[in-house]
Amino acid sequence: MSIETVGVIGAGVMGAGVAQNLAQTGHRVVLLDLSDEILARARASIERDMRFQSLFKKGDGERPADVLARIEFTTDYTPLADADFVVENVTERWELKRGVYAELDEACPERCVFAANTSAISITRIGSATRRPDRVVGMHFMNPVPLKPTVEVIRGFHTSEETIQTSHRFLKGMGKEGIVVNDSPGFVSNRVLMLTVNEAVFLVQEQVASAEDVDRIFKTCFGHKMGPLETADLIGLDTILLSLDVLYESFNDSKYRPCTLLKKMVDAGLHGRKSGRGFYNYETHAPQPVGSRNGHGGELR
Ligand SMILES: NC(=O)c1ccc[n+]([C@@H]2O[C@H](COP(=O)([O-])OP(=O)(O)OC[C@H]3O[C@@H](n4cnc5c(N)ncnc54)[C@H](O)[C@@H]3O)[C@@H](O)[C@H]2O)c1
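Residues numbered from 1 in each chain as written. Predicted model: local features only at pLDDT ≥ 70, side-chain atom pairs only at ≥ 80, totals over all residues. Heavy atoms only, no water.

### Here's the deal with the overall build of the chain
Working step 1: A tally of regular secondary structure across the chain gives 11 helices and 10 strands.
Working step 2: Scaling as 2.2 N^0.38, a compact globule of 301 residues should have a C-alpha radius of gyration of about 19 Å, and the chain matches this with 19 Å.
Working step 3: With respect to the three principal axes, the spread of C-alpha positions in the chain is 55 × 45 × 35 Å.
Working step 4: Contacts spanning at least 24 positions in sequence make up 64% of the contacts within the chain whose residues lie at least 6 apart.
Working step 5: Accessible surface computed for the chain: about 14,400 Å², of which carbon and sulfur atoms make up 51%.
Working step 6: Each charge sign in the chain was given a centre, from 35 positive and 40 negative side chains, and these centres are 4 Å apart. (Helix = DSSP H or I, 4+ residues; strand = E, 2+ residues; numbered from the N terminus. Rg over C-alpha atoms; globule rule 2.2 N^0.38 Å. Contact = heavy atoms within 4.5 Å. Areas by Shrake-Rupley, 256 points an atom, 1.4 Å probe, with all protein chains shown as cover. Lys, Arg positive; Asp, Glu negative; His and termini not counted. Charge placed at Lys NZ, Arg CZ, Asp CG, Glu CD.)

Printed below as a string of structure tokens:
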């Protein structure tokens, strides 16, 4: 089966990145979200990212207009009738995702594979919301999608070997490689990362160190490219909180309880890069730590 038309559900941070990557690798994409306004924002963000890529000579030099012409922006499931593959990137809430899979099951042809780009929700659970659990797989893309070469691929309880092989082929067609793991909430990456980020927020809350110094320790002592709080801002603090909630609920283990400072920041609209402010302020020319002498706004505690 050749993979030509790909449905991308959710046009936020991840959905826009997946759609861009697919269109840049020659796929026809149907990008679906709840409103035209959200879709217009996704379109603008893809265009901006491609101009940025061409500035740094990262893309293949194709004009943004030609890449965008391969993406159909829609709020309607009908164009998914000939989708060969779907990547779902909807907000990390089970009630929302479950409803989306019911719609997809109706709209997509039987052969179509559903790949869930979730941070923590069990792929077996997602498969159970469809009539095709053997054709449901986890595909945990990394952010920013067009720049990250590796994807965590999650095998749900009923995921077939054929679906795993199709997934490898699909990722190769996007210029990526998959690492297959078995299903467990948070998989490998976010079982570790979400706890690390949460503990880093506790350190800031307890005033053990500033956000900037926590990150500097990871970068200069451990050689990480980014510190945990910079990573949290990139992912989105709302998504981090939702993922911790999923892990807490899935394992019934208090080690996943979200730090109150994280909840406070999400309530205050500090969602990280996408909202302009999180642990750092992105509204200034160069990101400034929030609450530092150079930063703007409230203290982090
Ligand atoms: N942000 C990251 O770094 C990252 C990395 C890997 C995986 N993920 C996962 O990817 C998924 C999306 O995350 P994101 O960061 O793009 O979030 P986001 O908040 O930027 O985007 C989510 C999008 O889903 C849309 N949506 C919500 N309900 C919908 C529905 N019923 N139908 C269609 N669209 C709907 C929203 O309108 C929004 O545009 C989440 O499950 C998240 O856990 C995120």
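On we go.
### A look at the nonpolar core
Working step 1: One finds Ile 9, Leu 80, Leu 104 and Phe 279 to be the most contacted residues of the largest nonpolar core, which totals 52 residues.
Working step 2: Apart from residues no more than four positions distant in its own chain, Leu 80 is found in contact with Gly 7, Ile 9, Val 30, Leu 32, Leu 104, Ala 107, Cys 108 and Pro 109.
Working step 3: Grouped together as the second largest cluster of nonpolar side chains are 32 residues, Val 29, Leu 31, Ala 115 and Val 151 included. (Core = buried A, V, L, I, M, F, W, Y, C linked by side-chain atoms within 4.5 Å. Buried < 20%, exposed > 50% of the residue type's maximum accessible area, 1.4 Å probe, protein only.)

### As for the site of the ligand
Working step 1: Taken together, 25 residues form the shell around the ligand, and within it Met 14, Asp 33, Glu 92, Lys 97 and Ser 119 come nearest.
Working step 2: In the environment of the ligand, an oxygen atom lies 2.7 Å from a nitrogen or oxygen atom belonging to the side chain of Asp 33.
Working step 3: Between Thr 91 and the ligand, the recorded distance is 3.4 Å, taken from a backbone N or O atom to an oxygen atom.
Working step 4: Contact with the protein chains removes 89% of the 830 Å² of surface that the ligand exposes when unbound.
Working step 5: For the shell around the ligand, the elements supplying multiple residues, two or more each, are α1 (13-24) and α4 (94-107).
Working step 6: Considering each element in turn, the shell around the ligand owes the most residues, three residues, to α4. (Near = heavy atom within 4 Å. Polar contact = N/O pair within 3.5 Å; in protein donor to acceptor, adjacent residues only side chain to side chain.)

### Let's talk about the packing of aromatic side chains
Geometry of an aromatic ring pair is reported as the spacing of the ring centres plus the angle between the planes.
Working step 1: Under the criterion given, the structure shown has four aromatic pairs.
Working step 2: A ring pair is formed by Phe 85 and Phe 170, whose centres lie 3.8 Å apart and whose planes are at 10 degrees; its orientation type is stacked. Pair noted here: Phe 85 is in strand β4 (residues 85-88) and Phe 170 is in helix α6 (residues 161-173), with a separation of 85 residues, a long-range link. Assigned by exposure class, Phe 85 and Phe 170 land together as buried.
Working step 3: Judged by centre distance (5.4 Å) and plane angle (25 degrees), the ring pair of Phe 251 and Tyr 256 falls under stacked. (Phe/Tyr/Trp six-rings, centres within 6.5 Å; stacked < 30°, edge-to-face > 60°.)

### Details of a nonpolar patch on the surface
Working step 1: Together, Phe 52, Leu 55 and Phe 56 make up an exposed nonpolar region whose accessible area comes to about 370 Å².
Working step 2: By the secondary structure assignment, Phe 56 is in the loop between α2 (36-55) and α3 (64-68).
Working step 3: By relative accessible area, which is 52% here, Phe 56 ends up exposed. (Patch = residues over 30% accessible without salt bridge, like charges linked within 9 Å, V, L, I, M, F, W, Y side chains within 5 Å. Salt bridge = Lys/Arg side-chain N within 4 Å of Asp/Glu carboxyl O.)

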